[in-house]
Amino acid sequence: EAGVAQSPRYKIIEKRQSVAFWCNPISGHATLYWYQQILGQGPKLLIQFQNNGVVDDSQLPKDRFSAERLKGVDSTLKIQPAKLEDSAVYLCASSLGVVGTEAFFGQGTRLTVV
Amino acid sequence: QKEVEQNSGPLSVPEGAIASLNCTYSDRGSQSFFWYRQYSGKSPELIMSIYSNGDKEDGRFTAQLNKASQYVSLLIRDSQPSDSATYLCAVKTNAGKSTFGDGTTLTVKP
């Protein structure tokens, strides 16, 4: 069974530029998560989708971050414009359902904003 | 107060010893509990999940849950150098809200 796919693996951009990340979840997984992990900290949930609907985006900085999950499968996370403090690893994860199920992570995208 | 708190670490144990990792959570509506292992530069990988009070064993790993005390732990028996990693506790509520702790870094010395 294929795991969660993410791209790109690494990205370096200048502040105020825009960037987009892509995620393809495990087949059949209805729930998709985007996390931000800053060095030395645990993953912080940015947004959670159930199929193509948003379950939780309370911690998403909506003035600069946006995410979509068209057709309830693939998802993209965009940052525009980027700030230095956005430097982090962006992890995508998926699970079968919202409640009581384990999440499986992709390899992540390491973003450096200079 | 953080929603999920873990031992600040780092934790160092000799090879063959038992490593004990602890996690407390603040939301009494939490129903699902997970332990993830994260090697440096890698993404988290699931080790154990536990949903009801008591112990759950899987090989050298035992997860313990006490909902009354809002406490979950992970014991690693016969620790190996390959167990050296950061261990993340994750808690999920009935509504599906998922929160991670900041992790405890474990070093197993040969």
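Description of the overall build of chain A
Item 1. When you go through chain A residue by residue, the secondary structure sums to zero helices and eleven strands.
Item 2. Its helices and strands in sequence order give chain A the pattern β-β-β-β-β-β-β-β-β-β-β, from N to C terminus.
Item 3. For chain A, the C-alpha radius of gyration of 13 Å lies close to 13 Å, the compact-globule estimate for 114 residues.
Item 4. Here the C-alpha coordinates of chain A stretch approximately 35 × 25 × 25 Å along the principal axes.
Item 5. A total of 114 residues make up chain A; the buried ones form 46% of that total.
Item 6. When contacts within chain A are restricted to residue pairs at least 6 apart in sequence, long-range pairs at least 24 apart make up 54% of them.
Item 7. A total accessible area of about 5,600 Å² is found for chain A, and carbon and sulfur atoms account for 51% of it.
Item 8. If the 12 positive side-chain charges of chain A are averaged to one point and the 10 negative ones to another, these points end up 6 Å apart.

Points about the interface of chain B and chain A
Item 1. At the junction of the two partners, chain B supplies 21 residues and chain A supplies 24 residues.
Item 2. Joining chain B to chain A, the criterion identifies zero salt bridges.
Item 3. Connecting chain B to chain A are nine residue pairs in polar contact (both at pLDDT 80 or more).
Item 4. Of all the elements in the fold, those that place two or more residues in the side of chain B that touches chain A are β4 (30–38), β5 (45–50), β9 (85–93) and β10 (98–100) of chain B.
Item 5. Ranked by the residues each element gives to the side of chain B that touches chain A, the list is headed by β4(B), at four residues.

Describing the environment of Lys97(B)
Item 1. Looking at the element boundaries, Lys97(B) is found in the loop between β9 and β10.
Item 2. According to the relative accessible area criterion, Lys97(B) is partly exposed, its value standing at 33%.
Item 3. With 17 residues separating them in the primary sequence, Lys97(B) and Gln80(B) have C-alpha atoms 33 Å apart.
Item 4. Here Lys97(B) is in contact with Asp56(A), Glu3(B), Val91(B) and Lys92(B), once residues within four sequence places are set aside.
Item 5. A distance of 3.4 Å separates polar atoms of two side chains, one belonging to Lys97(B) and the other to Glu3(B).

Conventions adopted
- Residues numbered from 1 in each chain as written.
- Chains lettered and ligands numbered in written order.
- Predicted model: local features only at pLDDT ≥ 70, side-chain atom pairs only at ≥ 80, totals over all residues.
- Heavy atoms only, no water.
- Helix = DSSP H or I, 4+ residues; strand = E, 2+ residues; numbered from the N terminus.
- Rg over C-alpha atoms; globule rule 2.2 N^0.38 Å.
- Buried < 20%, exposed > 50% of the residue type's maximum accessible area, 1.4 Å probe, protein only.
- Contact = heavy atoms within 4.5 Å.
- Areas by Shrake-Rupley, 256 points an atom, 1.4 Å probe, with all protein chains shown as cover.
- Lys, Arg positive; Asp, Glu negative; His and termini not counted.
- Charge placed at Lys NZ, Arg CZ, Asp CG, Glu CD.
- Salt bridge = Lys/Arg side-chain N within 4 Å of Asp/Glu carboxyl O.
- Polar contact = N/O pair within 3.5 Å; in protein donor to acceptor, adjacent residues only side chain to side chain.

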